[in-house]
Amino acid sequence: MKVNGCDGEIRTVREKSPAPINGTGENGSRDGEELFVPPFNFAIVDNGIFRSGFPDSANFSFLKSLGLRSVIYLCPEPYPDSNLEFLKANGIQLFQFGIDGCKEPFVNIPEETIREALKVVLDERNHPLLIHCKRGKHRTGCLVGCLRKLQKWCLSSIFDEYQRFAAAKARLSDQRFIELFDISSFKRLPMSFSCSAR
């Protein structure tokens, strides 16, 4: 099967027939075949930008297929050794922006941290990149929401996307943060940043 990527490149993906569940082995393989299992809440954000929940070893083959250059990790906890080994083996740079995961009404999203993370996202030398936190909902949703403001999305569309990933756990405080986030200090986005026409 041929797949046309957002970058215009056509990739060939070999279709696999389903294997029995009991044939699943380590690292997401079934009877010697490699499976490509995306992390929880995985999605394409834009050309060369992806989002997800925390990836584990079952997701490594899938992540490798993306050709990532960078990972933005939005949690304060140390990155697990197995994930660090995967990044090192594949030449992927880790950018960690430790944002505490708090529940309402004690949510405090550090604006300066989001700004620094956005600078990494906007630097195309870091693409393709994956943005993730624990579940790919709140911290990731805030960063992607602020990126959408830079892309001149209307707030209702930004909030629809945020709610699609956060589901029943959507936070008004996150949406308020996105709404009030000041994008005026960022320069105009490069034309090649998005697949969408400007």
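The structure we're discussing is the one just above.
A quick note: this is a predicted structure, and the numbers were derived from the prediction, not measured.

What follows is about the sheet that holds strand β5 (residues 43–46). Read from one edge of the open sheet, five strands run β5-β6-β9-β7-β8, paired in mixed fashion. Each edge of the open sheet carries a strand with a single partner, namely β5 and β8 (93–96). Here the strands of the sheet are splayed against their neighbours by 25° on average, with no regard to which way each runs. Note that strand β7 (residues 70–73) and β8 share four bridges and pair parallel. Across the sheet, the residue bridging to Ile72 is Phe95, located in β8.

With that settled, consider the nonpolar core. Membership of the largest hydrophobic core comes to 45 residues, with the highest contact counts inside it found for Ile72, Leu74, Ile114, Leu118, Ile131 and Leu143. Setting aside chain neighbours within four positions, we find Ile114 in contact with Ile99, Ile109, Leu143, Cys146, Phe177 and Phe181.

The subject of this paragraph is the state of the cysteines. Using the criterion set out here, one finds zero disulfides in the structure. Between Cys146, a cysteine without a disulfide, and Cys142, which holds the nearest cysteine sulfur, the sulfur-to-sulfur distance is 6.6 Å. Of the residues examined, Cys146 reaches a relative accessible area of 0% and is grouped as buried.

Right, let's talk about the environment of Val71 for a bit. Checked against the element boundaries, Val71 lands in strand β7. Sequence spacing of Val71 and Gln93 is 22 residues, and the spatial spacing of their C-alpha atoms is 6.2 Å. Residues in contact with Val71, not counting those within four places in the same chain, are Tyr79, Leu87, Ile92, Gln93, Leu94, Phe95, Leu130 and His132.

All chains considered together, the criterion is met by five salt bridges. Between Glu161 and Arg148 there is a salt bridge, with its nearest N and O atoms 2.9 Å apart. Of the two residues, Glu161 is situated in helix α5 (residues 155–166) and Arg148 in helix α4 (residues 138–150); the sequence distance between them amounts to 13 residues. The exposure class of Glu161 is buried, given its relative accessible area of 6%. According to the relative accessible area criterion, Arg148 is buried, its value standing at 4%.

Okay, the pairing of β7 next. Residues Ser70 and Ile72 line one face of β7 and the alternating positions Val71 and Tyr73 line the opposite face, and both faces are buried. For the handedness criterion, the β-α-β arrangement of β7, helix α2 (residues 81–89) and β8 is classed as right-handed. Alignment of β7 against strand β9 (residues 129–132), held across four bridges, turns out to be parallel. When the sheet's bridge partners are listed, Ser70 is paired in β9 with Leu129.

What follows is about unusual backbone geometry. Going from His127 to Pro128, the amide bond is cis rather than trans, its omega being -5°. Along the chain, the position of Pro128 falls in the loop between α3 (111–122) and β9. Its identity as a non-glycine residue notwithstanding, Asn41 has a phi of 60°, on the positive side. Examined against the element boundaries, Asn41 turns out to sit in the loop between β4 (33–34) and β5.

Scoring rules and cut-offs
Residues numbered from 1 in each chain as written. Predicted model: local features only at pLDDT ≥ 70, side-chain atom pairs only at ≥ 80, totals over all residues. Heavy atoms only, no water. Pairing = 2+ DSSP bridges. Helix = DSSP H or I, 4+ residues; strand = E, 2+ residues; numbered from the N terminus. Axes fitted to C-alpha atoms, helices over the stretch in contact; angles between N-to-C directions. Core = buried A, V, L, I, M, F, W, Y, C linked by side-chain atoms within 4.5 Å. Buried < 20%, exposed > 50% of the residue type's maximum accessible area, 1.4 Å probe, protein only. Contact = heavy atoms within 4.5 Å. Disulfide = S-S within 2.5 Å. Salt bridge = Lys/Arg side-chain N within 4 Å of Asp/Glu carboxyl O. Right-handed = clockwise from strand over helix to strand, strands pointing away.

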